[in-house]
Amino acid sequence: MIRDHDEVFGRALPFGERPALILIDLMRAYFEPGGELFLGSRDCLESAARVLAAARTAGVPVIHTRVAFGPGGVDGGLFFRKVAPLRHLVGDGPLGRLMPEVAPGPEEVVIVKQYASAFFGTTLASTLNALRADTLVITGVSTSGCVRASAVDAVQHGFVPIVVRQAVGDRAPRPHEAGLFDIQAKYGEVWDEAAVTERLGGSGLPQAVTERLGGSGLPQAVTERLGGSGLPQAGNGPPAA
């Protein structure tokens, strides 16, 4: 007999006291009508913009990602060969530009990545450790691809993934819902936008985080990095509920 799903996978992870927000790949490629990656809706972009505004108001650290490949996509390896539309993201073309609704602030970190997970081959983990973050609020695209991969890697690096349901999107409802179902069951938490913005508003971030380096971001030298990744230090996971 198969046990009830909620009985087997019903545990919850706590929203920590030191959240950071990540906006994954909210690039023109996903919102350009007629494009191969076009989502067909701007709903997730508009939701992500509202979450971003709440995070900025609360002084929560913000990280953006975008995708860009070198000549021929050699730095994308087999992933570049598998996913044909990635050819449009070679270099710094218009489809790789972040949408104006979620344009990075002058002190917000921008990570350039080549693979699905925002952690793979990037400085994301070491940046979150430098911020002393324990929770990663996730928005962006696509739910079944880069969002899911980043949520899986977040929990594996010791950060609680909180995926904002309305602020992530996919090209079809079935992979979108399947991705959210899978994340909630095994890797993190799926929260509604209203609950996340309310929680961010009362995050109570410690002074050491909100005033790090004299502002809300990291030095310009680390805002656009292609290489280098870090693992969290021991004991850097979320506090007990």
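The structure under discussion appears in the preceding block.
As a convention, each chain's residues are numbered from 1 in the sequence order in which they are written. Selection of residues for local features in this predicted model requires a pLDDT of at least 70, selection of side-chain atom pairs for listing and counting requires 80 or more, and totals for whole chains, interfaces and linings are taken over all residues. To get the side-chain values, take all heavy atoms of the structure and skip hydrogens and water.

**Student:** Where do I start with the pairing of strand 2 (residues 62-67) in this structure?
**Tutor:** Looking down a regular strand, the side chains alternate between one sheet face and the other. Counting buried residues along strand 2, 6 of its 6 residues qualify, which places the element largely inside the surrounding structure. Sheet topology places strand 1 (residues 19-24) next to strand 2; 4 bridges connect them, and they run parallel. Within the sheet, the bridge partner assigned to Leu-21 lies in strand 2 and is Val-62. Two strands are counted as paired when DSSP detects at least two bridges linking them. Going along the chain from the N terminus, every DSSP run of H or I of four or more residues is numbered as a helix, and every run of E of two or more is numbered as a strand. Bridge count for strand 2 against strand 3 (residues 109-113) is 5 bridges, and the pairing is parallel. Paired with Ile-63 across the strands is Val-109, a residue of strand 3. Only protein chains enter the accessibility calculation, which uses a 1.4 Å probe; a residue is then buried when its area is under 20% of its type maximum, exposed when over 50%, and partly exposed in between.

**Student:** Could you clarify how one ought to interpret the pattern of salt bridges in this entry?
**Tutor:** It is possible for side chains of opposite charge to pair when their charged atoms get near one another. Within this document, salt bridges are pairs made up of a side-chain nitrogen of Lys or Arg and a carboxyl oxygen of Asp or Glu, the two lying within 4 Å of each other. Applying the stated criterion to the full structure yields 12 salt bridges. Asp-25 is the partner of Lys-113 in a salt bridge, and the nearest nitrogen-oxygen pair spans 2.8 Å. Of this pair, Lys-113 sits in strand 3 while Asp-25 sits in the loop between strand 1 and helix 2 (43-58), and the two are 88 residues apart along the sequence. Here Lys-113 matches Asp-25 in class, with each residue buried. Among the ionic pairs, Lys-186 bridges to Asp-182, the shortest N-O distance being 3.7 Å. With Lys-186 and Asp-182 both in helix 6 (residues 173-187) and 4 residues apart, this pair spans about one turn of that helix. When salt bridges with common partners are traced through the structure, they connect Arg-148, Asp-182 and Lys-186 into a single cluster.

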